[in-house]
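Given next are the chains, with one letter for each unit.
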Amino acid sequence: MPRRTVSLLLSAIFVPIGVTLPLSAATVREAEKLFLVGKYEECVSMAATEIEREVRYEPWRRVKAEAEMELGRYADARETVEEGVKSYPLSIEMRLLACKVFRYNNMPQAAATQLRQVATIVRTRLSRRASPDERLAMGAYLLEQGADARQVLELCYDPVSKGFPDYVDVHLATAQLALDKYDNRLAASTLLAVAEHSRNHPDYHYLLARAFSADDRERATEALQKALELNPRHARSLLMVAERLIDGEQYDEAHQTLAKVLKTNPKHPKALAYKAVLANIQGEPDQENAHREAALANWPQNPEVDYTIGAKLSDKYRFAEGATYQRRALTIDSHYLPARVQLAQDLLRLGQEDEGWQLIQDVFATDGYNVVAHNLVTLHDSLDEYRVLQNDSFRVRMPQHEAAIYGERVLELLDEAKRVLCDKYEVELGGPVVVDIFANKNDFAVRTFGIPGADGFLGVCFGNVITANSPAALGQSKANWEAVLWHEFCHVATLQKSHNKMPRWLSEGISVYEELQRDRGWGQTMNPTYRQFILDGEMAPLSELSSMFLAPESPMKLQFAYFESAMAVEYIVDNYGIQAIKNILDELANGESINETLVRHVAPLGKLDAEFRDHLLEQARLLGPELNWDETTLSPSADSDAIAQWLEDNPDNFYGLARYAQALTREEDWQAVLEPAKRLRELAPEYTGAGNAYALLARAYRELGETAAEREALEAWSERDGDAMDAYVRLIEIGVAAEDWQLVAANARRMLAVDPLTPIPHRHMAEAAEQLGQSSEAIAAYRALLQFDTVNPVNTHFRLAQLLRDEGHTDQARREVLLALEDAPRFLAAHRLLLELAETENAEMDEPSTSLGVIEEEEEP
């Protein structure tokens, strides 16, 4: 419909509300109650009885048709609405319902006729006041025609919610509109404003579950359960349950849930769409096509079917297949916004940025309220300020300032990861990998998920695209960015090898495992918390590991899921070889299920689960096997004497030893600290968490002046912990004092892997590299130093000029020495170097361009 027509219709309904809700017959209320609790057959029977008695009341036919639709009796519903339209030709609600029913009976022309009639009715009511039901119906119609969503809210829904705050349908309509535009916060706030006594509608709790699904899974689960308590046959809620089960790779349970929906309505298009998704995941293309055709059988022009299949495949990281389905949906309806938004995101995740960004711009121009489109368009504008670094294998985009500081290190690390991991897993990349690094965590979240709020994620890989937070985005909660990129590139290799068809546990498990293979300080290792989880039986069987990622009770439980997955991969590699992993990935790419490949290349599932469980228990018991792991009964304020007394009755208690050493540290009894700290190190040498023995020993040795012992403790700590910044800084200080430049360089590199956005590691890296004759590394470090305002640029430019001269880069050296002289024009050594460079380049010149005779010598800054 032309936008001018839509605007006229919007203005037509902007009439103050002054009527009350229509009174309904008691039996209609009873029928509606039957509908809400899922007794659809009884609802149809009751309504049919009243209609046969020739009771002229429009809601009877509406509730009957709605119930028939829920049961998949589309032909019966058609007869009901045809009679309804004849009896109530001016009812917008009846005609909109008829449009829906006709579509499901493959009657597109009849459906279109109903929409035209609705437009005519609205025009004839320019001076009439509309009832709440009519306003909601008009809003639904206008949204169908592409009206501005904010105007619909303002002119149709808001007046009803203000005039009739207890009218739950308006809150449901507003929440649904907000969810359709990805505005979960508005949806949640709208629903929570509903009075408690009006929350007896299953749709209310279903929508609340949707609103909380991204940010508060526990609350969403409670809402979903409440919806199904009210109506165990509530299709929308059951479909959300099925969707969650698919996300958690609980495919048998998903089939069972879908069977409940299809028992009520064997033709339910969304349930059949999810059946097609399951068939795709399980490598059954014929079944996939059959379920899709069944989903479209009654309404062949329904774009939601292909959109649903594609969106869920994209959730499973099958973006190419997902994009294909979105294109199918748009072939059916080129204006279908959900498919346009999803396709844009799919393309961006596939690295097809030109088309993806253009599509999202088009969506935003059409629908300015769409939150995802707005966020992505805003992000796209800010990306113009980013710098692109690229080679044959990678295209890295990051903030210009950060690119100048450590961008080349990013490329070097990614090149190494490609050499190591692609060779190990026998992978040929399909093209350059896109790596986007963001200094703002909300920008990272928008690029990755379309909406802000991705706390807890350091990086994400889509197969050929990596997104990551930079150290600047993490604030004080630093993480090793090198480990993050290594982890994410491992996903690139394994996802491409498996054609994005691997379960999450295997994908994450391989990546964490490969972190540890690259550096023992990366990845995750056994710790007291994981030990207790395992001994308490809170681990998952290997064949069900992906369930650990579905609904973790806490962030720590999610981290445990990563750890257990890595342990599973390590167990398979150690006992069956890396070839078993590669064989599994190859067969997953061919559509085999993970359990089939595990049986073929590892062991029968029952045997594998039992053996892996025993392995986990063994590894848990190997963490401090001689330690007493009982929790202490000590007061939080206990001093060293109280703790020492407690330890007499509880010798070698892990928590007691740690607290004793910490208490002695606070009391600055450095000699006494050594005994419990040494014992802790002896009994738990791999523990590097809070209060670890290495940190305690290093501090005590430093205070006692025992530098050699301090250094040994710090080196042991730094080898085991990829984020031990305190250890790295102190080792650099020790190395500088001893002129041990290898030690300085090693720990400067470790610092750079955690926080390259401070000048300290660059300064020490430059000095150490110079001393070690590593000119290229020294040059890179000095260039990075120049990006910090706190650095003395004169000396840095001068030293950089000297190094560039030694490497034969005369032009670059001249530029740097001139920059030094710009800030220190009487810097004699810089003038000499400039003269030397000039003579080198043009020995035949008769006289130098710069006179030195009148210059008073300045000391080197």
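Please read all numbers here as calculations on a predicted model, not as lab measurements.

Engineer: Would you explain the overall build of the chain in this entry?
Structural biologist: Helices and strands together make up the secondary structure of the chain, namely 44 helices and five strands. Projected onto the principal axes, the alpha-carbon positions of the chain cover approximately 110 × 80 × 55 Å.

Engineer: Sorry if this is basic, but what is going on with helix 31 (residues 594-601) here?
Structural biologist: One turn of the α-helix equals 3.6 residues, which is why residues spaced by three or four share an orientation. For helix 31, every residue scored as buried is listed here: Ile594, Thr597 and Leu598. Down the axis of helix 31, the sector holding all buried residues measures 105°, keeping them to one side. Against the buried residues of helix 31 lie helix 27 (504-518), helix 29 (555-576), helix 30 (578-589) and helix 32 (605-621).

Engineer: I'm lost on the side chain of Lys497 in this one. Help?
Structural biologist: Structurally, Lys497 can be placed in helix 26 (residues 481-497). Here Lys497 falls in the buried class, since its relative accessible area comes to 10%. There is a polar contact of 3.1 Å between the side chain of Lys497 and the backbone oxygen of Tyr425. Within polar-contact distance, the side chain of Lys497 engages the side chain of Asp586 at 3.0 Å. The residues contacting Lys497, other than those within four sequence positions of it, are Tyr425, Glu426, Val427, Lys582, Leu585, Asp586 and Ala589.

Engineer: Could you clarify how one ought to interpret the pairing of strand 1 (residues 386-390) in this entry?
Structural biologist: Each regular strand carries side chains that alternate between the two faces of the sheet. Two elements, strand 1 and strand 2 (residues 394-399), share five bridges in a ladder whose sense is antiparallel. Bridge assignment links Val388 to a residue of strand 2, and that residue is Arg397. Between strand 1 and strand 2, which follow one another and run antiparallel, lie three residues.

Engineer: What is the right way to read the layout of surface pockets from this model?
Structural biologist: The gaps of empty space that remain are located by a probe, the size of a water molecule, rolled over the atoms. Estimates place the volume of the second largest pocket at around 910 Å³. Lining the second largest pocket are 42 residues; nearest its centre among them are Glu408, Arg409, Glu412, Leu752 and Ala780. Residue assignment for the lining of the second largest pocket shows that the elements contributing at least two residues are strand 1, helix 23 (400-425), helix 37 (707-720), helix 39 (741-754), helix 40 (759-771), helix 41 (775-785) and helix 43 (810-823). Looking at the lining of the second largest pocket, the element that brings in the most residues is helix 23, giving 10 residues. For the lining of the second largest pocket, a count of residues per class yields 16 nonpolar, nine polar and 17 charged.

Engineer: I tried to follow the environment of Val573 on my own but got confused; where do I start?
Structural biologist: The residue Val573 is located in helix 29 in this model. Residue Val573 is classed as buried on the basis of its relative accessible area of 15%. In this structure, the C-alpha to C-alpha distance between Val573 and Tyr513, residues 60 residues apart in sequence, is 10.0 Å.

Engineer: Is there a simple way to explain the pattern of salt bridges in this structure?
Structural biologist: Working definition: two side chains of opposite charge can pair if their charged atoms are close together. In total, this model carries 51 salt bridges according to the counting rule given. The residue Lys607 makes a salt bridge to Glu611 at a minimum N-O spacing of 2.7 Å. With a gap of four residues between them, Lys607 and Glu611 both fall in helix 32, about one helical turn apart. Using a relative accessible area of 42% as the deciding quantity, one classes Lys607 as partly exposed.

Engineer: Whenever I open this one, the pairing of strand 5 (residues 465-469) confuses me. Can you help?
Structural biologist: Summarising burial for strand 5: five of the five residues are buried, a large majority. Judged by which residues are buried, strand 5 turns out to be covered on both faces: Val465, Thr467 and Asn469 on one side and Ile466 and Ala468 on the other are all buried. Bridging between strand 3 (residues 433-438) and strand 5 involves five bridges; their strand directions are parallel. Paired with Asp436 across the bridge in strand 5 is Thr467. Linkage of strand 4 (residues 459-461) to strand 5, two consecutive antiparallel strands, is achieved through a turn of three residues, within which Gly463 is found at a positive phi near 125°.

Engineer: Mind showing me how you'd approach the nonpolar core here?
Structural biologist: Nonpolar side chains tend to gather and get buried jointly when the protein is soluble and globular. In this structure, Val396, Leu485, Phe489, Trp505 and Leu506 are the most contacted members of the largest nonpolar core, which totals 150 residues. If we skip the residues at most four places from it in the chain, Trp505 touches Leu542, Leu545, Ser546, Phe549, Ser565, Ala568, Val569, Ile572, Ile594 and Leu598.

Engineer: Could you clarify how one ought to interpret the packing of aromatic side chains in this entry?
Structural biologist: Applying the stated criterion to the full structure yields 23 aromatic pairs. Summarising the aromatic geometry, the rings of Trp629 and Tyr655 are spaced 6.2 Å apart at their centres and angled 80° between planes, so their arrangement reads as edge-to-face. Here Trp629 is found in the loop between helix 32 and helix 33 (640-649), whereas its partner Tyr655 is found in helix 34 (residues 654-666), with 26 residues between them in sequence. Put simply, the rings of Tyr530, Phe533, Phe560 and Phe563 touch in pairs and so form one group of aromatic residues. Seen from the ring of Tyr325, Arg328 lies directly overhead, with NZ or CZ sitting 4.8 Å from the centre. We note Arg518 situated over the ring of Trp486; from NZ or CZ to the ring centre the distance is 5.1 Å.

Engineer: Can you walk me through the confidence of the model for the chain in this structure?
Structural biologist: A low pLDDT means the predicted coordinates there should not be read in detail. Averaged over all residues, the pLDDT of the chain is 90; the fraction at 70 or higher stands at 94%. Per-element averaging of pLDDT across the chain places helix 1 (residues 3-12) at the bottom with 42 and helix 36 (residues 693-704) at the top with 97. Low pLDDT, under 50, characterises residues 844-857; the predicted model gives this stretch 13 contacts beyond four residues in sequence or across chains.

Engineer: For this particular structure, what's the right way to read the sheet that holds strand 3?
Structural biologist: In sheet architecture, strand pairing relies on hydrogen bonds along the backbone and comes in two forms, parallel and antiparallel. Read across the open sheet, the five strands follow the order 1-2-3-5-4; overall the sheet is mixed. Of all strands in the sheet, those with a lone pairing partner are strand 1 and strand 4, marking the two edges. Across the sheet, the mean angle separating the axes of adjacent strands is 15° when strand polarity is ignored. Packed on one face of the sheet, helix 24 (residues 441-449) meets strand 1, strand 2, strand 3, strand 4 and strand 5 and runs near 155° to strand 5. Its contacts with the sheet put helix 26 on strand 2, strand 3, strand 4 and strand 5, and the angle it makes with strand 4 is roughly 10°.

Engineer: How should the side chain of Ser775 be read in this particular structure?
Structural biologist: Of note, Ser775 is situated in helix 41. Owing to a relative accessible area of 18%, Ser775 belongs among the buried residues under this scheme. Within the structure, Ser775 has its side chain in polar contact with the side chain of Glu807 (distance 3.3 Å). Excluding residues that lie within four positions of it along the chain, Ser775 makes contacts with Leu803 and Glu807.

Engineer: Which parts of the structure should I look at to understand a negative patch on the surface?
Structural biologist: Negative charge collects at one region of the surface, where Asp639, Asp641, Glu667 and Asp669 lie side by side. Of note, Glu667 is situated in the loop between helix 34 and helix 35 (670-683). Since its relative accessible area comes to 41%, Glu667 is described here as partly exposed.

Engineer: Teacher, can you tell me more about the state of the cysteines here?
Structural biologist: A complete count under the given rule lists zero disulfides for this structure. Free of any disulfide, Cys156 has its nearest neighbouring cysteine sulfur in Cys99, separated by 17 Å. Of the cysteine sulfurs around Cys490, a residue in no disulfide, the closest is that of Cys461, at 9.4 Å.

Engineer: Would you mind going over the environment of Thr448 with me for this structure?
Structural biologist: Mapped onto the secondary structure, Thr448 falls in helix 24. Measuring from C-alpha to C-alpha, the distance between Thr448 and Cys461 comes to 9.0 Å, with 13 residues separating the pair along the chain. Those residues in contact with Thr448 that sit more than four places away from it in its chain are Arg349, Val460, Phe462 and Thr467.

Engineer: I would appreciate a short explanation of unusual backbone geometry in the present structure.
Structural biologist: With the exception of glycine, most residues fall at negative phi, and the peptide bonds are largely trans. Even without a glycine there, the phi angle at Asn500 is positive, about 60°. Following the sequence through the fold, Asn500 ends up in the loop between helix 26 and helix 27. If you check the backbone angles, Glu739 has positive phi at about 55° while not being a glycine. If you trace the backbone, Glu739 turns up in the loop between helix 38 (725-738) and helix 39.

Engineer: What should I look at first to understand the packing of helix 9 (residues 149-163) against helix 10 (residues 168-180) in this one?
Structural biologist: Axes are the key here: two packed helices are described by the angle between their axes and the distance separating the axes. Contact geometry of helix 9 with helix 10 gives a least axis separation of 9 Å together with a crossing angle of 160°. Judged by the inter-axis angle, helix 9 sits roughly antiparallel to helix 10. Seen from above, helix 9 lies across helix 10 with left-handed handedness. Across the interface between the two elements, Ala149, Leu153, Tyr157, Val160 and Ser161 from helix 9 touch Val170, His171, Ala173, Thr174 and Leu177 from helix 10.

Reading the values: rules and limits
- Residues numbered from 1 in each chain as written.
- Predicted model: local features only at pLDDT ≥ 70, side-chain atom pairs only at ≥ 80, totals over all residues.
- Heavy atoms only, no water.
- Helix = DSSP H or I, 4+ residues; strand = E, 2+ residues; numbered from the N terminus.
- Buried < 20%, exposed > 50% of the residue type's maximum accessible area, 1.4 Å probe, protein only.
- Arc of directions from axis to C-beta.
- Contact = heavy atoms within 4.5 Å.
- Polar contact = N/O pair within 3.5 Å; in protein donor to acceptor, adjacent residues only side chain to side chain.
- Pairing = 2+ DSSP bridges.
- 1 Å grid on protein atoms, 1.4 Å probe; cavity = no way out; pocket = protein on both sides within 12 Å on 5 of 7 lines; lining within 4 Å.
- Points joined across faces, edges and corners; volume = space filled by probe spheres on them.
- Nonpolar A, V, L, I, M, F, W, Y, C, P; charged D, E, K, R; others polar.
- Salt bridge = Lys/Arg side-chain N within 4 Å of Asp/Glu carboxyl O.
- Core = buried A, V, L, I, M, F, W, Y, C linked by side-chain atoms within 4.5 Å.
- Phe/Tyr/Trp six-rings, centres within 6.5 Å; stacked < 30°, edge-to-face > 60°.
- Lys NZ or Arg CZ within 6 Å of the ring centre and 35° of its normal.
- pLDDT = per-residue confidence, 0-100.
- Axes fitted to C-alpha atoms, helices over the stretch in contact; angles between N-to-C directions.
- Patch = residues over 30% accessible without salt bridge, like charges linked within 9 Å, V, L, I, M, F, W, Y side chains within 5 Å.
- Areas by Shrake-Rupley, 256 points an atom, 1.4 Å probe, with all protein chains shown as cover.
- Lys, Arg positive; Asp, Glu negative; His and termini not counted.
- Charge placed at Lys NZ, Arg CZ, Asp CG, Glu CD.
- Disulfide = S-S within 2.5 Å.
- Parallel < 35°, antiparallel > 145°, perpendicular 65-115°, else oblique.
- Left-handed = near helix turned anticlockwise from the far one by under 90°.

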